[in-house]
Amino acid sequence: MTEPVLVSPRLIYVERVIGIPDIELFDLSKDGKTALALSNKTGSYQLAAVDVRGGQLRPVSHGKERVAWARISNDSETICFSRDFGGKEEHQLFTVPLTDGEEEEQLTRLPATRAFNFNWSNGDDRIVLAGATQETNGVWTVDSSNGQHSQIYQNRHWVFNPEWSKDDSRICISAKTTEHPTALELVFLSPEKEQDPVVYTPRVDSENTNGGWHPSEPWILFKTDARGRYELAVYKTDAQELSYLKSADLGLDFPVFAWMPDGKSVYYLATNNGRTRLYIEPIDASEPPREIPLPEGYHAGFFGTSVKVAKPGEYFVFSWSSLSSPPTLSRCDLETGRVETLNEHFTDLPLGRAEPVVYGSFDGRSIHGWFLKPTRQEGRSPCVLWIHGGPAWEVADVWNPAIQSFLVAGYTLFAPNIRGSTGYGVEFQNLNIHDCGGADLKDVEEAANYLKSRPDVDPSKIALVGASYGGFMTFLATTKIPDYWSAGAAIVGITDWKEMYGLSDAAFKSFIERYFGKPEENPDLYYDRSAINFAQNLKAPLLIWHRGNDSRCPLAPVQKYADRLRELGKDFEMNVVWDEGHGFQKTENLVRQYKAIIEFLDNKIGSSN
């Protein structure tokens, strides 16, 4: 009689947790009837619409090529969205009716352009787009009837968030117009280029972002660090007057903010220790900010578009999640305070739970993070030290299927928000300027020391894993402090900053200069923070996972690093996914990726619980 073979459900759990659909609010139609969301329910990131009174998600975009950005026209009839092809981030714009269920049509024939974000004019006759080519950063207007485009602004450094004034006579953007590493100014453009750009900053070398026009007045709401902390401010362009809101008393950062429809108040998300709260504040300071109670977790999402208010100001639509709660799309009635779910996903998977942790780093600075355990754990377990991307990003209390994949496979996981992370104030965020891989690497080292002190972690089985900047940190830490790690997995990481700079387009040259300066200015820094120069020090088994079309962290330097490891006889494996680039991936490829990483860790440091 043949004995049945019992297959561990661990990798099946990994596949299932990666398959939990993501959903994030992108926009709300001006008539307040339809929410537009980005979801990977079909296996790739596509647009879906849902009636704000409830109902099923309705597909809007189609196919497998991912959607990057989207906006609904002001007449609530048409959606414009940008689409990536093969992950190369060379975008084109498409349009599709909001209600008909028709196939999308390509609007533009742009040359190779990385499109960051765009917005419809109030008359819906034009679209303004901020992006980058290989040679320059800039702003383009696009005729919404025929896709003809014209560049109206060119800049050496990156440009973001173009917004039309109410009468469509001006466009406000955030642009880096100086060589100061963290500066961003508000720049006012004429769509017809009839006037020269006007640069505004409340303080020289301050960071000023996401300017949004008042519903009827020539006033701009924006985020600034002009007074040494992140605050929200209003600039009246007609009177040239600046005033500050009380937001800084409520949070350390403000990832989402906008005007209320009547223009008398603004709403914003305030961030503290990885969680967000929603407030409404009158701009005349007649009343203190009022909190709108939402479910505990993180409501800011990835794109900063995840909270929208209906035009009459009666309700908010928002997406949210937590580290142990999958993404949900909800509606909050402002009069009653009642929160109703529009779309959510139920799962019976044994999801891990998060414990907020603070540890001290080498210089006495407190580092906040999250320690997560599997639902069933006994004794000391192997632990994954997870380093987030960015570096100006954070592991918030937000759904992360990659993190949960390790937990359902039985690993504990620690995700510290090392210096340079967002969400902890402007001073903390800028600590790694011209020091990437320096003091923040010491924060990683102290995180490993903290893990060794925990009674639920096996100190001999700590694996370092990260993607993008986390991949860079994995490459660097396994060569600069090699004795801490029993294994490592670097996903779409960086091994050579100088070669990466040479391969980057105008936007990512600006990004690298923010953190390193130019290669000719700081050659020693570029050399010292590139793992390619220290490959001989690698001790831990290493899995390299990269994507062939990655335009942010190009493959060529990573392949050279792998070749160097092979010459040195190091223990490593490398896998390249050829039909993908950086950022959001097809679900099937993410399943392959995290199954492979967990199998690699199982083989190198022993199976977990």
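Data block above holds the structure.
What you see is a predicted model; the values in this text were computed from it and never measured.

Undergrad: Please explain the layout of surface pockets as it appears in this structure.
TA: One water molecule sets the probe size; rolling that probe over the atoms shows where empty space is left. Roughly 280 Å³ of internal volume is contained in the second largest pocket. If you trace the second largest pocket, you find 17 residues lining it, with Lys-88, Glu-90, Gln-134, Asp-505 and Ser-551 closest to the centre. Class assignment of the residues belonging to the lining of the second largest pocket gives a composition of five nonpolar, five polar and seven charged.

Undergrad: Sorry if this is basic, but what is going on with the packing of aromatic side chains here?
TA: The relation between two aromatic rings is expressed through the spacing of the ring centres and the mutual angle of the planes. For the structure on display, the rule yields 35 aromatic pairs. Centre to centre, the rings of Phe-371 and Phe-414 are 6.5 Å apart; their planes meet at 45°, and the pair counts as tilted. Of this pair, Phe-371 sits in strand β30 (residues 366-373) while Phe-414 sits in strand β32 (residues 412-416); the two residues are 43 residues apart in sequence, bridging distant segments of the chain. In this pair, the class of Phe-371 matches that of Phe-414, namely buried. Through a chain of ring-to-ring contacts, the aromatic side chains of Phe-26, Tyr-45, Trp-69, Phe-302, Phe-303, Trp-393 and Phe-584 assemble into a single cluster. Lying across the ring of Phe-371, Arg-454 places its NZ or CZ 3.5 Å from the centre. The side chain of Lys-509 reaches across the aromatic face of Tyr-501, ending 5.4 Å from its centre.

Undergrad: Help me understand empty space enclosed by the protein, please; the structure alone is not making it clear to me.
TA: Taken as a whole, this structure holds three cavities of 30 Å³ or more when the rule is applied. Taken as a whole, the largest cavity holds about 70 Å³ of empty space. Residue lining of the largest cavity: Ser-44, Tyr-45, Lys-64, Glu-65, Arg-66, Gly-86, Gly-87, Glu-580, Phe-584, Gln-585 and Lys-586, and that is the complete set. In terms of residue class, the lining of the largest cavity is made up of two nonpolar, four polar and five charged. Considering the residues around the second largest cavity, the lining is formed by Gly-493, Ile-494, Thr-495, Asp-496, Met-500, Cys-553, Pro-554, Pro-557 and Val-558. Looking at side-chain class alone, the lining of the second largest cavity contains six nonpolar, two polar and one charged residues.

Undergrad: Just to check I follow, could you spell out the pairing of strand β29 (residues 353-360) for this structure?
TA: Each regular strand carries side chains that alternate between the two faces of the sheet. Direction of pairing for β29 relative to β30: antiparallel, over a ladder of eight bridges. For Val-357, the partnering residue across the bridge sits in β30 and is Gly-369. The loop that links β29 with its antiparallel partner β30 comprises five residues; one of these, Gly-364, has a positive phi angle of about 85°.

Undergrad: Which parts of the structure should I look at to understand the side chain of Glu-185?
TA: Take Glu-185: it is sitting in strand β15 (residues 185-189). The buried charged residue Glu-185 lacks any salt bridge, with Lys-176 as its nearest oppositely charged partner at 7.2 Å. In this structure, Glu-185 is in contact with Ile-173, Ser-174, Ala-175, Lys-176, Thr-177, Thr-178, Val-199, Tyr-200, Thr-201, Ser-206 and Asn-208, ignoring residues within four places of it in sequence.

Undergrad: I keep staring at the sheet that holds strand β5 (residues 67-72) and nothing clicks. Help me out?
TA: What holds strands together in a sheet is hydrogen bonding between their backbones, with the strands either parallel or antiparallel. One open sheet holds the four strands; their spatial order is β5-β6-β7-β8, and the pairing between them is antiparallel. Edge positions in the sheet fall to β5 and β8 (105-106), since each has one partner strand and no second. Both strand β6 (residues 78-83) and strand β7 (residues 92-97) contribute to a ladder of six bridges, which runs antiparallel. Each residue of the ladder has a partner; that of Thr-78, found in β7, is Pro-97.

Rules used in this analysis
- Residues numbered from 1 in each chain as written.
- Predicted model: local features only at pLDDT ≥ 70, side-chain atom pairs only at ≥ 80, totals over all residues.
- Heavy atoms only, no water.
- 1 Å grid on protein atoms, 1.4 Å probe; cavity = no way out; pocket = protein on both sides within 12 Å on 5 of 7 lines; lining within 4 Å.
- Points joined across faces, edges and corners; volume = space filled by probe spheres on them.
- Nonpolar A, V, L, I, M, F, W, Y, C, P; charged D, E, K, R; others polar.
- Phe/Tyr/Trp six-rings, centres within 6.5 Å; stacked < 30°, edge-to-face > 60°.
- Helix = DSSP H or I, 4+ residues; strand = E, 2+ residues; numbered from the N terminus.
- Buried < 20%, exposed > 50% of the residue type's maximum accessible area, 1.4 Å probe, protein only.
- Lys NZ or Arg CZ within 6 Å of the ring centre and 35° of its normal.
- Pairing = 2+ DSSP bridges.
- Lys, Arg positive; Asp, Glu negative; His and termini not counted.
- Salt bridge = Lys/Arg side-chain N within 4 Å of Asp/Glu carboxyl O.
- Contact = heavy atoms within 4.5 Å.

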